[in-house]
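Coordinate inspection notes
The primary structure of each chain is shown beneath.
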Amino acid sequence: MVILGAGPAGLVLANLLLDAGVGCVVLERADREHVQTRARAGFLAANTVRVLERHGLADGLRRGGREHSVCEFRTGDGRFRLDYSGLGRGEPHTVYPQQELVTDLLTRFLAAGGDLRFATEAVAVHDPDTTQPWVETRDADGRPGRWTGRYVAGCDGRHGAARRSLPPGAVRIHRRDHGVSWLGLLAEAPPSLDAVGYAMHERGFAGHMARTPETTRYYLQCEPGTSPASWSEERIWDELTVRMRAADYGALHHGRIVQSTVVDLESDVLEPLRHGSLFLAGDAAGLISPSAAKGANLAVLAAEILAEALVDDLRNADPGPLSRYSARCLAHIWRAQEFSLWMIRLLHRAPGQDDEALFQEQLRRARVESLRTSRTHQDWFADNYVGI
């Protein structure tokens, strides 16, 4: 088994296969330091925690993860809080930075004798419609390589070799540009509130998400095409202060901005997630906007489904679960996409001042008010916010 990519999907899959006695190799384009330090999402759903615990992959999570269950919404009409662990199915999130989870997973895989090749770029997947697919690779010095396996798992993202290697017409790609961009920020500053903060302001959305006791993730809605360099630290903190309504609800803890990138809110989904001996998981299967923190959770879910199906096929001669892999994962992906779009429409004003934009703005305000006052709406929100 050849696995492309050492992110959550690839490493969970690799650990589960190794534990089941199925030989595999993980090919990762970046070096180990980069893999262990690249900052990504940090909110793990209750089901993700259960998957990791079920397979003995949660030691670091138990030590360093922090339960989180409160959202705070700030608007021009006031603010309200939802403790979603007391709503719906009663499940919280666990805050655990993705780079720490990845470090745990690769450390365990290597300690158990797993084969992980860093600085090995997958160039293309060849012969995916046969029982002997092979992966063309290139190392850091440009030397070519070749890896062959019964199956290939593409866990290498939307721009990886797995997607690029799909023959024309092999899959259908559903795409949506939501027309919204965020300035994604990581600040060396402790969280400023004990909740995920969603601020809806006439100047644009602002978000506050705790990462560790010393660092906080912030988001600022910006114009599409914005360069991060055009936002100085002073401007960032001034705008966060205004949009988070710090004058009304308390000052923000300031600190050095250590990461600043522009995130265009886009979505895509591939159907099916299998072509012959090539399977897609994680962002290679579908890109989801960060508005609802679903990406890493979908990746872990898909990795477990795929691992169990591969074991059934390779160890038990039962190909049935593999044939159902795509449909099972897509049901979860589309549910997550629908809620992500709902969140985008909740948090962002429609652009413009024409009649349509004003109409949509009134609908958005009604949506917020319903979330504030309706227990039925709150239960629905909690189920979808945490669930995948």
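Shown above is the structure to which this text applies.
Residues numbered from 1 in each chain as written. Predicted model: local features only at pLDDT ≥ 70, side-chain atom pairs only at ≥ 80, totals over all residues. Heavy atoms only, no water.

Within the chain, the secondary structure is distributed over 12 helices and 20 strands. Against the 2.2 N^0.38 benchmark of 21 Å for 388 residues, the chain shows a C-alpha radius of gyration of 21 Å, consistent with a compact globule. Structurally, the chain occupies a C-alpha span of about 60 × 40 × 40 Å along its principal axes. Pairs at least 24 residues apart make up 72% of the contacts formed inside the chain by residues separated by at least 6 positions. For the chain, the exposed area adds up to about 16,700 Å²; of that, 47% sits on carbon and sulfur atoms. Here the chain holds 45 positive side-chain charges and 50 negative ones, and the gap between their average locations is 2 Å. (Helix = DSSP H or I, 4+ residues; strand = E, 2+ residues; numbered from the N terminus. Rg over C-alpha atoms; globule rule 2.2 N^0.38 Å. Contact = heavy atoms within 4.5 Å. Areas by Shrake-Rupley, 256 points an atom, 1.4 Å probe, with all protein chains shown as cover. Lys, Arg positive; Asp, Glu negative; His and termini not counted. Charge placed at Lys NZ, Arg CZ, Asp CG, Glu CD.)

Quick look at the side chain of Gln-99 now. Tracing the backbone through its elements, the reader meets Gln-99 in helix H5 (residues 98-111). With a relative accessible area of 19%, Gln-99 lands in the buried category. (Buried < 20%, exposed > 50% of the residue type's maximum accessible area, 1.4 Å probe, protein only.)

So, on to the sheet that holds strand S9 (residues 120-126). Strand order in the open sheet formed by three strands is S9-S10-S11, and the pairing between neighbours is antiparallel. Two strands bound the open sheet, and with one partner strand each, they are S9 and strand S11 (144-148). For this sheet, the mean angle separating the axes of adjacent strands, direction not counted, is 30 degrees. Relative to S11, strand S10 (residues 134-139) runs antiparallel, the two sharing five bridges. (Pairing = 2+ DSSP bridges. Axes fitted to C-alpha atoms, helices over the stretch in contact; angles between N-to-C directions.)

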